[in-house]
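Results of the structural survey
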Amino acid sequence: MAKGGGLLCVMNDVAAACDRRDYEAWYQQDHVPDRLGIPGFQTARRYRRLNGPRAEFLTFYETATPEVLCSAPYLKRLAEPTAWTARIMAQLRTMSRSICRVVLDQGQAGAGGLLALLAHNEAPSSGLEAQLSAVLAQPGVTRVRLWRGDPSVTVPSPEEKLRPDGDAAFASIIVFEGTNAEMIQAALVAQGFTATPTFYSLIYASPEKSSKEVTP
């Protein structure tokens, strides 16, 4: 995705009593098609945690611009959830919902089967982009991305009231895609990353839609 594009990053656990078959069916049959039907939404990816401190599930949507994430069509969907969505929202736990602007996206096109994620409450530091480029040069790493929380387009979600724990958000999110977890971890250590990443495996990657900008 081009620098300056929009990104919605969602991480969540589910309640112990949640029917996971219902959860999976909802995501693939209701929620992802619904979101991708909104003008400006381009791709959806879903992941499940392998190990690390963050939530079990990671989903992110790429949008033509960050402004798509405060557009009238998107806000209308948030205000009018389906009955299935309302039922699933009550099962979500430790939810974070970060509306971001793409700061950096380097590497190969496509989707690495593994993803390592670092999320912070602070804005990206100076020199971080060079550090990330150095990680990308290492074996087993296919793509690096940096997303920065964008307060200018961040609006409350009406769906938040359906979730028992409310929503958190992060100021910066770094993702590393690759083919080998040990190599990704070694690359991070070699370049001075000391925080523990969360590793995720890919569940689903939608086809890419047109990258043409959409005016909200």
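My aim in this report is to walk through the structure given alongside it, one point at a time. The structure presented is a predicted model; accordingly, all values stated were derived computationally and were not measured. (Residues numbered from 1 in each chain as written. Predicted model: local features only at pLDDT ≥ 70, side-chain atom pairs only at ≥ 80, totals over all residues. Heavy atoms only, no water.)

1. Description of the packing of aromatic side chains
Scanning the entire structure with this criterion turns up nine aromatic pairs. Ring centres of tyrosine 23 and phenylalanine 57 lie 5.0 Å apart, and the angle between their planes is 50 degrees; this geometry places the pair in the tilted category. In this pair, tyrosine 23 sits in helix α1 (residues 20–36) while phenylalanine 57 sits in strand β3 (residues 57–63), placing the two residues 34 residues apart along the sequence. Exposure remark for tyrosine 23: the relative accessible area of 1% places this residue in the buried category. When the centroid spacing of 5.4 Å and the interplanar angle of 45 degrees are considered together, the rings of phenylalanine 41 and tyrosine 74 count as tilted. Taken together, the positions of phenylalanine 41 in strand β2 (residues 41–51) and tyrosine 74 in helix α2 (residues 72–79) put the pair 33 residues apart, joining distant regions of the chain. What makes tyrosine 74 buried here is its relative accessible area of 1%. Clustering of aromatic rings is evident, with ring pairs tying together Tyr23, Trp26, Tyr27 and Phe57. Across the ring face of tyrosine 27, the terminal group of arginine 46 is positioned such that the distance to the ring centre comes to 4.2 Å. (Phe/Tyr/Trp six-rings, centres within 6.5 Å; stacked < 30°, edge-to-face > 60°. Helix = DSSP H or I, 4+ residues; strand = E, 2+ residues; numbered from the N terminus. Buried < 20%, exposed > 50% of the residue type's maximum accessible area, 1.4 Å probe, protein only. Lys NZ or Arg CZ within 6 Å of the ring centre and 35° of its normal.)

2. Remarks on the nonpolar core
If you look at the biggest cluster of nonpolar residues, it comprises 24 residues, and the most contacted ones within it are Leu8, Tyr23, Phe41, Tyr61, Tyr74 and Leu92. Apart from the residues lying within four places of it in its own chain, the contact partners of tyrosine 74 are Leu8, Arg35, Ile38, Phe41, Val68, Leu69 and Arg97. Of all hydrophobic cores here, the second largest spans 19 residues; its members include Ala116, Leu118, Ile174 and Phe176. (Core = buried A, V, L, I, M, F, W, Y, C linked by side-chain atoms within 4.5 Å. Contact = heavy atoms within 4.5 Å.)

3. Here's the deal with the pairing of strand β8 (residues 172–178)
Burial analysis of β8 places seven of its seven residues in the buried class, the great majority of the element. Burial along β8 is two-sided: Ser172, Ile174, Phe176 and Gly178 facing one way and Ile173, Val175 and Glu177 facing the other are all buried. Relative to β8, strand β5 (residues 114–120) is paired through seven bridges, and the arrangement is antiparallel. Directly across from leucine 117, in β8, lies its bridge partner valine 175. In the sheet, strand β6 (residues 141–149) pairs with β8 via seven bridges, with the strands oriented antiparallel. Bridge pairing in β8 places arginine 148 opposite serine 172. (Pairing = 2+ DSSP bridges.)

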